[in-house]
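# Chain and residue survey
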Amino acid sequence: MTHDLTTPGAPVPAEQQEREAAITREVLASFDGCTDPRLREIMRSLVHHLHDFVREVRLTEQEWNAGIEFLTRAGHITDERRQEFILLSDVLGASMQTVAVNNAAHGDATEATVFGPFFVENSPEIDLGADIAFGAPGQPCWVEGTVTDTTGKPVPGARIEVWEADEDGFYDTQYGDDRIAARAHLFTDADGRYRFWGLTPTPYPIPHDGPVGGLLAATGRSPMRASHLHFMVSAPALRTLVTHIFVSGDELLGSDAVFGVKESLVKDFHVRAPGTPAPDGRELSDRSWTQVRFDIVLSPEGS
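Given the structure is predicted, the values throughout are model-derived calculations rather than measurements. (Residues numbered from 1 in each chain as written. Predicted model: local features only at pLDDT ≥ 70, side-chain atom pairs only at ≥ 80, totals over all residues. Heavy atoms only, no water.)

## Observations regarding the environment of Ala136
Topologically, Ala136 is positioned in the loop between α5 (94-102) and β1 (140-149). Linking Ala136 and His48, residues 88 residues apart in sequence, is a C-alpha distance of 48 Å. With residues up to four places along the chain from it excluded, the contact list for Ala136 reads Asp166, Ala181, Ala182 and Leu199. (Helix = DSSP H or I, 4+ residues; strand = E, 2+ residues; numbered from the N terminus. Contact = heavy atoms within 4.5 Å.)

## Things to note about the environment of Ala226
Relative to the helices and strands, Ala226 is located in the loop between β6 (224-225) and β7 (228-234). Its relative accessible area of 0% is what places Ala226 among the buried residues. In sequence terms Ala226 and Leu253 are 27 residues apart; their C-alpha atoms lie 5.5 Å from each other. The contacts of Ala226, once residues within four sequence positions are left out, are Phe246, Asp250, Leu252, Leu253, Asp256 and Val261. (Buried < 20%, exposed > 50% of the residue type's maximum accessible area, 1.4 Å probe, protein only.)

## Considering the sheet that holds β7
Sheet strands pair by backbone hydrogen bonding; their relative direction is either parallel or antiparallel. Spatially, β3-β2-β7-β8-β9 is the arrangement adopted by the five strands of the open sheet, whose pairing is mixed. Looking along the sheet, the strands with just one partner apiece sit at the ends: β3 (183-187) and β9 (266-267). For β7 and strand β8 (residues 241-247), the ladder comprises six bridges, and the chain directions are antiparallel. Its bridge partner lying in β8, Val233 is registered against Leu241. (Pairing = 2+ DSSP bridges.)

## With respect to unusual backbone geometry
In this model, Asn122 sits at a positive phi of 60°, which is unusual for a non-glycine residue. Positionally, Asn122 belongs in the loop between α5 and β1. For Ser285, which is not glycine, the phi torsion reads 45° and is therefore positive. Relative to the elements of secondary structure, Ser285 occurs in the loop between β10 (270-272) and β11 (289-293). Looking at Ser285, the relative accessible area reads 48%, which means it is partly exposed.

## A word on the packing of aromatic side chains
Applying the stated rule across the entire model yields twelve aromatic pairs. Ring geometry for Trp142 and Trp197: centres 5.2 Å apart, planes at 65°, overall edge-to-face. A residue pair is termed long-range when its members are at least 10 positions apart, and Trp142 in strand β1 and Trp197 in strand β4 (residues 193-199) qualify at 55 residues. Note on accessibility: Trp142 and Trp197 belong to one class, buried. Ring plane angle 70° and centroid distance 6.3 Å describe the contact between Tyr194 and Phe231, whose orientation is recorded as edge-to-face. Highlighted residues: Tyr194 in strand β4 and Phe231 in strand β7, separated in sequence by 37 residues. (Phe/Tyr/Trp six-rings, centres within 6.5 Å; stacked < 30°, edge-to-face > 60°.)

## Quick word on a nonpolar patch on the surface
Where nonpolar side chains cluster on the molecular surface, the patch consists of Leu46, Leu50, Phe53, Trp64 and Ile68 and spans about 460 Å² of accessible area. When residues of the nonpolar patch are traced back to their parent elements, those giving at least two are α2 (37-57) and α3 (61-77). A per-element tally of the nonpolar patch places α2 first, with three residues. (Patch = residues over 30% accessible without salt bridge, like charges linked within 9 Å, V, L, I, M, F, W, Y side chains within 5 Å. Areas by Shrake-Rupley, 256 points an atom, 1.4 Å probe, with all protein chains shown as cover. Salt bridge = Lys/Arg side-chain N within 4 Å of Asp/Glu carboxyl O.)

## Details of the packing of helix α1 (residues 14-29) against α2
At a closest axis distance of 9 Å, the pairing of α1 and α2 adopts a crossing angle of 165°. Our classification of the angle between α1 and α2 gives roughly antiparallel. Viewed along their axes, α1 and α2 form a crossing whose handedness is right-handed. Across the interface between the two elements, Glu20, Ala21, Ile23, Thr24, Val27, Leu28 and Ala29 of α1 pack against Arg44, Val47, His48, His51 and Arg55 of α2. Its residues assigned to classes, the contact of α1 with α2 comprises six nonpolar, three polar and three charged. (Axes fitted to C-alpha atoms, helices over the stretch in contact; angles between N-to-C directions. Parallel < 35°, antiparallel > 145°, perpendicular 65-115°, else oblique. Left-handed = near helix turned anticlockwise from the far one by under 90°. Nonpolar A, V, L, I, M, F, W, Y, C, P; charged D, E, K, R; others polar.)

Spatial relationships are all this shows, so hold off on functional conclusions.
Here it is in structure tokens:
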């Protein structure tokens, strides 16, 4: 009697089960000499779950090779401007799961969400009320709010990094030149307040011309992200927050490609008609603009 050992759900003889279990035990035992207890824990758990996955789906050698080829292509397309493995982590929900594990709820602290692949170190510093667009196309958006701790105390001097895509759905790093646009950092004032001009967020696709895009297409998923503006906020003795705000009413809120939307982060971007006076007196001539408020609450460090 023969058994189909590569069909999920097909019965696996006891002798075969023991043979497969023995391989797992042997690999797990290979980490017994690891002197770093955390590394040992991680590697043993990884092996345990990976072997269980292979056995559960009865993975074929052809499928395993296809997986290796996929990861190889992800490595080849990754460079200093593009991180395909972050995209892979994002679309599998691993990024958001890691965020959830590492950002437990603490009072009314602002919720965290995915970092994304487009953050750049050493963004230009702007004064309060200045414009982060630096020539990027899009509808002007006035953003303001406060940064406080969970007791309600204002946080002066908090560093706020902000970055976003332009109205065409591209970040500056995707243009292949040296432009710096739609990103900057600023600091809160003595009362924990901040304000700046940005662009009204618009939906855009994550890069989908590589292996991750092929995975999404093969599984019938969209590469589109809901409209959003990135924030990273840090201050001494407080937990650094990485988050976005999303545009209320965006039809993509329920199908964000990287699962980053949280209800508390959906904000009203109020549309102001041409000719409406700007909060800082900026002359916008015949252009419409939007206005949003985002009050940020930081948790204690280590919470």
